[in-house]
Amino acid sequence: MRSVKVSLGTRSYDIKIATGLLVGLGTDCAALKLGQKCAVITDTNVAARYAKPALTSLKRAGFEAVLITVPAGETAKRLKQVESCFNQLAAHRLERKSFIVALGGGVVGDLAGFVAASYLRGIPFVQVPTTLLAQVDSSVGGKTGVNLAAGKNLVGAFYQPRLVLCDLATFRTLPEREFRAGLAEVIKYGIIYDASLFARLERDMAKILRRDAASLAHIVARSCEIKADVVSQDETESGLRAILNFGHTIGHAIEAITAYGRYLHGEAISIGQVAAAHLSAELLGLPAKDVERVRALFAAAGLPMSIKLNSTQRAKLLAAMTLDKKVSAGEINFVLAERIGKVVWGQRVPTAAVHRALDAIAPPH
Ligand code: NAD
Ligand code: GLY
């Protein structure tokens, strides 16, 4: 088993990574010395596969565990579901010492984490992420929250879990498209922080796509180490944590103008990262061969690198970017790469340069 620590003083916690961890969920929770009652929050897809082993493990360890199931998909990340979870927790009389287990992908993790942050002004929670994206990104670092009609993740809290259990066996049932979308975040860690990880992904992509256990253990653990390192230095994104948003300025805008229905998050940020690489070449001198390597790696992972946009859609994309949190004084803030493995945040980019980067990912037609 690999273990990674997120160092945040009294709120520090471990991320455990191995195949088959779900059967030990109860024992791991018992070691945290939490209360006797807990609620497993999951979605319909994950419940069908993993609720039973999770509940069995918790009950064997002596916990009184109840199951709360929300619909699968992004639409579950809304206040109506938060209220429904609160009501179910109250009906089962969960108290301050009780805890929540978030069993699922990023949607369940964000929702259940926010429920844990706010029920009785905060009860402990444990993350059991079951998608690649959730294991390498959303379950680590304490960003929790839900969406409003006005936009994604507009209500939330920084609230750290007590433990993250990454059971690699859950990837066996993960659909191919979801798996590849998670790889977009792994590639991101290579670009922003670790040239050796990037090179390893170039070397091992075929094995990774075959879901080779040793390769997966390595990429999940290394991604978690990088995220833990960044979050430990800047928990609430006052600086360094912004580097995790590489490719997200354009990626989020792509998700917004396609009504969050056409691209998975990982797919949209793949296009966004390719655009950010082109911007980096123009503004920070990222070598052309590095831009090519970035393009080749996303292609090898089977991720999209371009989008068809007519002039109206392009205008909408630019408008969506300027609505993003990263805008100041009319210039859009980007994370840009100096080289593979080294990025800088807070780069103010003129609109004309953004247009040229869009030409690279959305050629005019
Ligand atoms: P998701 O949670 O919707 O899961 C994707 C799909 O896979 C769902 O249909 C789910 O039911 C299914 N699924 C999950 N695990 C499975 C498994 N092992 N086998 C079979 N099916 C399985 O999507 P996601 O990509 O995991 O997460 C996306 C969400 O994460 C977004 O809401 C995004 O905003 C959020 N996010 C949060 C952070 C953060 O720091 N908190 C970071 C990145 C993304
Ligand atoms: N996913 C970006 C962050 O956690 O900051």
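Residues numbered from 1 in each chain as written. Chains lettered and ligands numbered in written order. Predicted model: local features only at pLDDT ≥ 70, side-chain atom pairs only at ≥ 80, totals over all residues. Heavy atoms only, no water.

Trainee: Hey, could you run me through the layout of surface pockets in this one?
Mentor: One simple way to see leftover space: roll a probe sized like a water molecule over the atoms. A volume near 170 Å³ is recorded for the second largest pocket. Considered class by class, the residues forming the lining of the second largest pocket number four nonpolar, three polar and three charged. (1 Å grid on protein atoms, 1.4 Å probe; cavity = no way out; pocket = protein on both sides within 12 Å on 5 of 7 lines; lining within 4 Å. Points joined across faces, edges and corners; volume = space filled by probe spheres on them. Nonpolar A, V, L, I, M, F, W, Y, C, P; charged D, E, K, R; others polar.)

Trainee: How should I be thinking about the environment of A90 in this particular structure?
Mentor: Here A90 shows up in helix α3 (residues 79-91). Among the residues examined, A90 registers a relative accessible area of 40% and is labelled partly exposed. As for A90 and F114, which are separated by 24 residues in sequence, their C-alpha atoms are 16 Å apart. (Helix = DSSP H or I, 4+ residues; strand = E, 2+ residues; numbered from the N terminus. Buried < 20%, exposed > 50% of the residue type's maximum accessible area, 1.4 Å probe, protein only.)

Trainee: What exactly am I supposed to notice about the site of ligand 1 here?
Mentor: Residues in close proximity to ligand 1 total 25 residues, the closest being D43, E74, G106, T130 and T131. In this structure, a nitrogen atom belonging to ligand 1 sits 2.9 Å away from a side-chain N or O atom of D110. Separating an oxygen atom of ligand 1 from a side-chain N or O atom of K152 is a distance of 2.9 Å. For ligand 1, whose unbound accessible area comes to 860 Å², protein coverage reaches 89%. Contributing elements (two or more residues each) for the shell around ligand 1: α2 (44-60), α4 (106-118), α5 (132-138) and β8 (151-158). Residues belonging to the shell around ligand 1 are distributed by class as follows: seven nonpolar, nine polar and nine charged. (Near = heavy atom within 4 Å. Polar contact = N/O pair within 3.5 Å; in protein donor to acceptor, adjacent residues only side chain to side chain. Areas by Shrake-Rupley, 256 points an atom, 1.4 Å probe, with all protein chains shown as cover.)

Trainee: Looking at this structure, how should I read the packing of aromatic side chains?
Mentor: For any pair of aromatic rings, the description consists of the separation of the ring centres together with the inter-plane angle of the planes. With the rule as written, the count across this model stands at four aromatic pairs. Ring centres of F63 and F99 lie 5.1 Å apart, and the angle between their planes is 80 degrees; on these two criteria the pair is classed as edge-to-face. Here F99 lies in strand β5 (residues 99-104) and F63 lies in the loop between α2 and β4 (64-70), a separation of 36 residues in the sequence. Accessibility expressed as a relative area gives 9% for F63, which makes it buried. On the accessibility criterion, F99 (0% relative accessible area) is buried. A centroid spacing of 6.2 Å and a plane angle of 70 degrees characterise the contact between F171 and F179, whose relative ring orientation is edge-to-face. Take F179: its relative accessible area is 0%, and that puts it in the buried class. (Phe/Tyr/Trp six-rings, centres within 6.5 Å; stacked < 30°, edge-to-face > 60°.)

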